[in-house]
Amino acid sequence: MADTNAKKLRASEEPNTDKQTQPAGSRLYDPYRAIGYITSNVPHSIQYRGQTAFITTAIGRSFHVYDVEKIGLLFVGPHFTSTVVSVLSIGDETFVSVGGRVVVCRRGKQVGELEAVERGELSSLMHFGDYILAISAENTVVVWNRETREMFTELEFVNESFQVTAIVHPSTYVNKIVVGSAQGAVQVWNVQTRRCLFESKSFGSGIACMVQAPAIDVLALGLLDGRIILHNVRQDRSVMQLAQEGRVTAVSFRTDDVPMMATANASGDVALWDLDHKRLVHVMQAAHDGTIPSIDFLNGQPLLVTSSSDNSIKEWLFESKDGVPRQLRQRSGHYSAPQMIRYHGHKGFDIMSAGRDRSLRLFSVIKDAQSAEMSQGSLLREARKTGTRVADLRLPQVAAFATNEAMARNWDDVLTCHQSSPYAHTWSTERKALGKFTLHSPDDTAITAVALSACGNFGFLGLASGTIEMVNVQSGLSRRLFTGHTKSVTGVHADACNHHVYSASLDGTLRVWDFGTGTQVHCVQLQATPSRTVMHGEGGLVACACDDATVRVVDVESFRVVRKFAGHRNRITDLAFSHDGRWVVSCALDRTIRTWDLPTGHMVDWFRVESVPVSLAFSPTGDFLATAHMDSVGIYLWANRTQFSEVTLRQISPESVDGDFMSTAGLVALPTSAGLVGDDVAANAEQEAADEQDAGVYVVPEQLTDDMVTLSSQPRSRWQTLLNLSTIKKRNAPERAPRAPEQAPFFLPTTEGLQPRFDLERKEPGDGDEQAPVDRTRISTIEALSGLARTLYQAEESLNFGLVVEYLKGLSPSAVDLEIRTLPVTDNLRAVRAFLRAVTVQLRSKREFELAQAYLQVFLGVYADVIKENSGELEAPLRELRAECRAQWSTVDGLIRYSACMVDYMRTSK
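Since we're looking at a predicted model, the values are computed, not measured.

Undergrad: Any chance you could explain the overall build of the protein here in plain terms?
TA: Of the regular secondary structure elements, the protein holds 14 helices and 56 strands. Taken across its 910 residues, the protein has 51% of its residues classed as buried. Of the accessible surface of the protein, which amounts to about 43300 Å², a share of 49% is contributed by carbon and sulfur atoms.

Structure follows, in structure tokens:
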């Protein structure tokens, strides 16, 4: 059973959302999805479909399904209300133990549940035959029928001296399972009869895991004291006993005719054992940086799959004769919360993140498989030589970093400084590894801030002594020093033209330096100490997060504070400019994320989350806001609503925020790996409409006034293409393929008479005959009603002719032309009369004006002869049409006569 620390770790995988209301606290941002989640300390499950293997891992309140071949993400499970305790994959179905119930999912979608049992938390899901088994928190083993999903039976262990910790089904044992206990004894039970058939003596330590060995009747028992016992259940005797350091968390056997066993411990080590010689072959020290809950050899392959609570999956290939594997591939994320995130590159495809796990990672927003950790060298090899752990050889935690892709292909493009360290390091995103240079502080004080110039040639190091050093990134040499600050530098930036350098310090000043000479140009005295700064290079603005929980924006051209935003109730942790420089987004320890509008100087959006945001970054393209939180290992993406919908911004007063701060009305759920579900999207839309109504937002009417003509919102190409459709079809018509010359017949025909002469003008039937051209202007005589005809009749009966225009607006130009040409001329010209009335009503409303004119022109070009021959029957609708069109054309009759004459001329000319 999982211990208390494991339960706390699972609970911290994703933020708690039990008390969250509908995610309606933000008007600007929609939860999009979370990236960086790979696995947790819940044992994974491997299933086989033919020769292909798939691995299912739990990630807090959901689960992922990967293919083992490339560790590519295939499916993401639904987001549950509580933490996932156990997962089991069988065929197309995934069984998930969550919140005391077992949910059945298929291809990432929930399709049902197993019969509920009131037994508390259910763990260690297992499958054999037609049954699904689980261990309950009340010391029972629950058995369900997989097909009916009903509970089949329940095995109760009343004796408190036998606490169930593990279950396994021995191969070839029909209807029987072996149950291990925390006291070290095992019992054999018959599931059908609910009888205990056998109980062994205690092995002296609690049983942590049990696995079937390749040999029949033999089970591998992993004990809490580090021993691995191969026990013959039928004979009740131990075949082999081995020992490792730390408690055994997982055991697996190779099945490719190599007698090897692998065991894992809670420290992240994997031990490899030679079963023939009963000896230890190799210890994979620090294979993971956390507890390894499960390991599996793939069937018939020399490939070991391991997953760990360090948020990683790794595959190890055994191809050497000494039995030492090499890492084939991996997929990992932060195993401790990230502390700083920034977008890398101008396209917004990648996010760079520095975490408390002393790693620097590059996450891909487009394709998760491209995410990688920036390599710090051969730490594993160095650890083996020195006998230390890999974690002790890592660089100190990154305190700040700067990226610039301008010269990424020529030299290093990332610069980092580390906590309490006088060294800064360069990195290369091209190689995804540590760069060439380690830069040392000139006065041996800690480096507290870094920056890169816009050209990518120079780096800036802000020191704890107040000095700023400029170095050449290509050569690693120092160029000049900027001296003037009296306390530690908290931020340093360079403008886009390399004219000035801007720096902030704990001495409460923002100083401007000449880039070329290093002399001070100006000093801006701030009313509070700046703890973090960001700069919008194109806008010439520097935003400072000050210790008095305010954001001060300084204009670098006028050297004065132009905006001051106050409202946060605790220290500001990070801030960022939007891509266009219009907004400043800030987050603080009060768990709020606020958006400030620079032109108006007002707060236009705020929302509160349960987990404290520690860092945020705005996409260079403006489509996403990325956030990192204190107790979450993932990075959360929020979609910017203004990119795909109209959002009306309004001022939010601090009084209204203070009134709602203690309530749950503004509480927003963090994004999940599966993204926002449909119900949440609908709730967002409803809440947005309600907010606009409450705020008195002005809605533009469809018609400003009855005296004005309103054009259509349809693309201009719609009606222009309709008017020139015949020309377009003629231009796009394919050319006739070249025809082979006709061959003379073997016997040439002759003319009648005394003198035999060949008949050269005679043709056989069908030879060279060309079909007569089709007159596409003729009226169709198909009796079946078209969609336009049915709409016209419906509009005529309901007197709602707006249906006709709405129907035609949903069609393509070719479809509109076809619908008009196929109108029936039977039933006393009912369809023609209804169309004339529909166009008249539309012109009278002065809406969709150019569309109505285009429809009318096509209609008159087709039906001009019909209107001319039946002018008496159509006198009433034509009179109404003349009245509406008199302002547009001198006379409709002249247009009708002209169109009819053109049609007659075309027919007679053919």
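So, next bit.
Undergrad: Teacher, can you tell me more about the packing of helix 6 (residues 716–723) against helix 12 (residues 849–869) here?
TA: Each pair of packed helices gets described by two things: the angle between the helix axes and the distance between those axes. Here helix 6 crosses helix 12 at 15 degrees, and the two axes come no closer than 9 Å. In this view, helix 6 runs roughly parallel relative to helix 12, as classed from their interaxial angle. Between helix 6 and helix 12 lies a crossing whose hand is left-handed. Contact with helix 6, carried on its side by W719, L722 and L723, involves E850, L851, A854, Y855, Q857 and V858 of helix 12 and no other residues of that element. When its residues are assigned to classes, the contact of helix 6 with helix 12 shows 7 nonpolar, 1 polar and 1 charged.

Undergrad: Honestly, the sheet that holds strand 28 (residues 312–317) in this entry has me stumped. Any pointers?
TA: Backbone hydrogen bonds are what pair the strands of a sheet, in a parallel or an antiparallel way. Pairing within the open sheet is antiparallel, and its 4 strands lie in the order 26-27-28-29. Each edge of the open sheet is held by one strand with a lone partner, namely strand 26 (294–297) and strand 29 (326–332). For this sheet, the mean inter-axis angle between neighbouring strands, taken without regard to orientation, is 15 degrees. Both strand 26 and strand 27 (residues 303–308) contribute to a ladder of 4 bridges, which runs antiparallel. The partner of I295 across the bridge, within strand 27, is T306.

Undergrad: Even after reading the chapter, I still don't get the pattern of salt bridges, so can you show me in this structure?
TA: Between side chains of opposite charge, pairing is possible as soon as their charged atoms come close. Tallied over the entire structure, the rule returns 30 salt bridges. The residue E156 makes a salt bridge to R119 at a minimum N-O spacing of 3.2 Å. Of the two residues, E156 is situated in strand 13 (residues 151–156) and R119 in the loop between strand 9 (109–113) and strand 10 (122–128); the sequence distance between them amounts to 37 residues. Put simply, E93, R106, R146 and R149 are held in one network by salt bridges that share partners.

Undergrad: Can you walk me through the packing of aromatic side chains in this structure?
TA: What describes a pair of aromatic rings is the distance from one ring centre to the other and the angle between the planes of the rings. Applying the stated rule across the entire model yields 18 aromatic pairs. In this structure an aromatic cluster arises from ring pairing among Y29, W583, F607, F618 and W638. In this structure, R830 is placed above the aromatic ring of Y793, and the distance from its NZ or CZ to the ring centre is 4.0 Å.

Undergrad: Sorry if this is basic, but what is going on with the packing of helix 11 (residues 826–845) against helix 12 here?
TA: The N-to-C vectors of helix 11 and helix 12 enclose an angle of 155 degrees; their axes lie 10 Å apart at closest approach. Here helix 12 runs roughly antiparallel to helix 11, going by the angle between their axes. Where helix 11 crosses over helix 12, the two elements pack in a sense that is left-handed. The segment helix 11 lies against helix 12, with L829, V832, F835, L836, V839, Q842 and L843 engaging F849, A852, Q853, Y855, L856, F859, Y863 and V866.

Undergrad: How should I be thinking about the UniProt feature "repeat: WD" (unreviewed entry) in the protein in this particular structure?
TA: UniProt records the feature "repeat: WD" (unreviewed entry) at residues 285–316, 482–523 and 565–606, using the numbering of this structure. As a span, residues 285–316 carries 0% helix and 47% strand, and end to end its C-alpha atoms are 13 Å apart.

Undergrad: I would appreciate a short explanation of unusual backbone geometry in the present structure.
TA: For residues that are not glycine, phi is negative in most cases, and the peptide bond is trans in most cases. Even without a glycine there, the phi angle at S124 is positive, about 55 degrees. Relative to the elements of secondary structure, S124 occurs in strand 10. The phi torsion at F559 lies on the positive side, around 55 degrees, for a residue other than glycine. Along the chain, F559 falls in the loop between strand 48 (550–555) and strand 49 (560–566).

Undergrad: I keep staring at the pairing of strand 32 (residues 360–364) and nothing clicks. Help me out?
TA: Side-chain direction in a regular strand flips from residue to residue, so the side chains alternate between the two faces of the sheet. Of all 5 residues that make up strand 32, 5 are buried, and the element is covered over most of its length. Alternating residues of strand 32 divide into L360, L362 and S364 and R361 and F363, and every residue in both groups is buried. Taken together, the 5 bridges between strand 31 (residues 350–355) and strand 32 define a ladder with antiparallel strand orientation. Bridge pairing in strand 32 links I351 to F363. The hairpin formed by strand 31 and strand 32 contains 4 residues between the paired strands, and R358 there has a positive phi angle of roughly 65 degrees. With 2 bridges joining them, strand 32 and strand 33 (residues 372–373) adopt antiparallel strand pairing. Looking at the pairing, R361 lines up with E373 of strand 33.

Undergrad: What is the right way to look at the sheet that holds strand 52 (residues 592–597) in this model?
TA: Spatially, 4 strands are ordered 50-51-52-53 in an open sheet, and the strand pairing comes out antiparallel. Of all strands in the sheet, those with a lone pairing partner are strand 50 (572–577) and strand 53 (602–608), marking the two edges. Between one strand and the next, the sheet's axes are offset by a mean angle of 20 degrees, whatever the strand orientation. The pairing of strand 52 with strand 53 spans 6 bridges and is classified as antiparallel. The partner of D597 across the bridge, within strand 53, is H602.

Conventions we followed
- Residues numbered from 1 in each chain as written.
- Predicted model: local features only at pLDDT ≥ 70, side-chain atom pairs only at ≥ 80, totals over all residues.
- Heavy atoms only, no water.
- Helix = DSSP H or I, 4+ residues; strand = E, 2+ residues; numbered from the N terminus.
- Buried < 20%, exposed > 50% of the residue type's maximum accessible area, 1.4 Å probe, protein only.
- Areas by Shrake-Rupley, 256 points an atom, 1.4 Å probe, with all protein chains shown as cover.
- Axes fitted to C-alpha atoms, helices over the stretch in contact; angles between N-to-C directions.
- Parallel < 35°, antiparallel > 145°, perpendicular 65-115°, else oblique.
- Left-handed = near helix turned anticlockwise from the far one by under 90°.
- Contact = heavy atoms within 4.5 Å.
- Nonpolar A, V, L, I, M, F, W, Y, C, P; charged D, E, K, R; others polar.
- Pairing = 2+ DSSP bridges.
- Salt bridge = Lys/Arg side-chain N within 4 Å of Asp/Glu carboxyl O.
- Phe/Tyr/Trp six-rings, centres within 6.5 Å; stacked < 30°, edge-to-face > 60°.
- Lys NZ or Arg CZ within 6 Å of the ring centre and 35° of its normal.
- UniProt positions renumbered as here; feature names shortened; annotations may be inferred.

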